[in-house]
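Results of the structural survey
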Amino acid sequence: MKRLSIIIAVLCLALPTVAKPKAEIKSQWRGARVAYLGDSITDARQPKRYDTNPYWVYLESLLGITPYVYGISGHEWRHIPGQTDKLIAEHGQDVDAIMIFVGTNDYNVNIPLGEWYSEEVVEVEVSGKRGSKSGVMAQRKKRTILMDKKTLRGRINIAMAKLKEEYPTKQIILLTPLHRADAFLSDRNIQPSELYANGVGEYLDAYVNVIKEAGNVWAVPVIDLNSICGLYPLAESNGIYWRRGSLEKDAKSGKRRKDRLHPNSAGHLRMAQSLAYQLLTYPAKFD
């Protein structure tokens, strides 16, 4: 059993350099043109910089998806409208689905959660008494969607309002942020694990839950990647799935480096395999 465990561990460590999966799942997603909006975990520059195959490369192999990638390192929900503008400029309506994978940076930079709506009491016409031919005025509470750039819910409202207006016939899917542990990315970029609340006193799971809520607010599917992919960087055994799973010294600078924020190829493959089977339950296109 010990020997088998060693063999499995060696195979897992080798995953970052393996080729794309050969077996393609035949489904409604084959040939679908999917725009990926997000942050560094989606960023197309990551493979060259860190020798990492991202999840959307694996989804291209697994499901036959054609990827249009717009994620940028460090981006938050406030950047999604700008990424949408770039998608419109480059592809217009020639896209079948849009996936949005962002939110962990909102947590890291201390964005308050905020509210989905403001509320007031107003007069509105309602049905009169039974048999009446005309309505009557009555007071009712009314909600108005809040477009607040300074809160997470407000930022999501702004982004989703734009996407719903620009792409009313397209499939739009939200992904929840991954779990996160310590990241010593540079002397100026040190990010504690999710065990710590951020600067406004909120834990990561609060941001995950807001994105789940957004599915009901905006009538879009949410894939809870935070849960289903099984990536749990707080466990030492999970270091095999992260870019720098243990504390290391940079060969050039001699400074400490650790990154359990960004998955390596093995982590991205696990994400893609989890996503693939979730995507099988949703239409790739509606028109």
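Refer to the structure printed above.
Report follows, based on the coordinates. (Residues numbered from 1 in each chain as written. Predicted model: local features only at pLDDT ≥ 70, side-chain atom pairs only at ≥ 80, totals over all residues. Heavy atoms only, no water.)

**Here's the deal with helix H4 (residues 80-91)**
To be explicit about the condition: Secondary structure follows DSSP: runs of H or I at least 4 residues long count as helices, runs of E at least 2 residues long count as strands, and numbering of each begins at the N terminus. Take the number of residues in a helix, subtract one, and multiply by 1.5 Å to get its expected span. For each residue, the accessible area found with a 1.4 Å probe, counting protein chains only, is set against the maximum for its type, and the residue is called buried under 20%, exposed over 50%, and partly exposed in between. This arc describes the spread of directions from the helix axis toward the C-beta atoms. Throughout, a residue-residue contact means that at least one pair of heavy atoms, one from each residue, lies within 4.5 Å.
If you check H4, its first and last C-alpha atoms are 16 Å apart, about what twelve residues at 1.5 Å a residue would give, namely 16 Å. All buried positions along H4 are accounted for by Ile 80, Pro 81, Gln 83, Thr 84 and Leu 87. Down the axis, H4 shows its buried residues gathered within 160° of arc, on one side only. Against the buried residues of H4 lie strand E1 (33-38), strand E2 (66-69), strand E3 (97-101) and helix H6 (152-166). Taken from the residues just after H4, Gly 92 is the one with a positive phi, measuring 55°.

**Let's talk about the packing of helix H3 (residues 55-63) against helix H9 (residues 265-279)**
Worth spelling out the cut-off: Note on method: axes are straight lines fitted to C-alpha atoms, helices fitted across the in-contact stretch only, with angles between N-to-C directions ranging 0 to 180 degrees. Any angle that is under 35 degrees is reported as roughly parallel, and any over 145 degrees as roughly antiparallel; angles of 65 to 115 degrees are reported as roughly perpendicular and all others as oblique. Handedness of each helix crossing follows the sense of rotation of the near helix against the far helix: counterclockwise by less than a right angle gives left-handed, clockwise gives right-handed. Gly falls in the polar group here, along with every residue not listed as nonpolar (Ala, Val, Leu, Ile, Met, Phe, Trp, Tyr, Cys, Pro) or charged (Asp, Glu, Lys, Arg).
H9 packs onto H3 with a crossing angle of 45° between their chain directions and a minimal axis gap of 8 Å. With respect to their mutual orientation, H3 and H9 come out oblique. As for the relative orientation of H3 and H9, their crossing is right-handed in sense. Residues Tyr 55, Tyr 58, Leu 59, Leu 62 and Leu 63 of H3 form the contact with H9, whose own contacting residues are Ser 265, His 268, Leu 269, Met 271, Ala 272, Gln 273, Leu 275, Ala 276 and Leu 279. Split by residue class, the contact of H3 with H9 holds eleven nonpolar, three polar and no charged.

**With respect to the packing of aromatic side chains**
We apply this condition: Aromatic rings from Phe, Tyr and Trp, taking only the six-membered ring of Trp, are treated as a pair when their centres fall within 6.5 Å; an angle between ring planes under 30 degrees marks them as stacked, one over 60 as edge-to-face, and anything in between as tilted. Placement of a positive charge over a ring is assigned whenever Lys NZ or Arg CZ falls within 6 Å of the ring centre and within 35 degrees of the normal to the ring plane.
Under the defined criterion, the tally for this structure stands at three aromatic pairs. Judged by centre distance (5.7 Å) and plane angle (85°), the rings of Tyr 36 and Tyr 55 are edge-to-face. A residue pair is termed long-range when its members are at least 10 positions apart, and Tyr 36 in strand E1 and Tyr 55 in helix H3 qualify at 19 residues. Taken individually, Tyr 36 and Tyr 55 each receive the classification buried, so the pair is uniform in this respect. Ring centres of Tyr 55 and Phe 101 lie 5.8 Å apart, and the angle between their planes is 85°; this geometry places the pair in the edge-to-face category. On the criterion of sequence distance, the pair formed by Tyr 55 in helix H3 and Phe 101 in strand E3 is long-range, its members being 46 residues apart. Comparing Tyr 55 with Phe 101, the two get one shared label, buried. Through a chain of ring-to-ring contacts, three or more aromatic side chains come together here, namely Tyr 36, Tyr 55 and Phe 101. The ring of Tyr 117 has Arg 143 lying over it, and the distance from NZ or CZ to the ring centre is 3.9 Å.

By themselves these figures say nothing about function.
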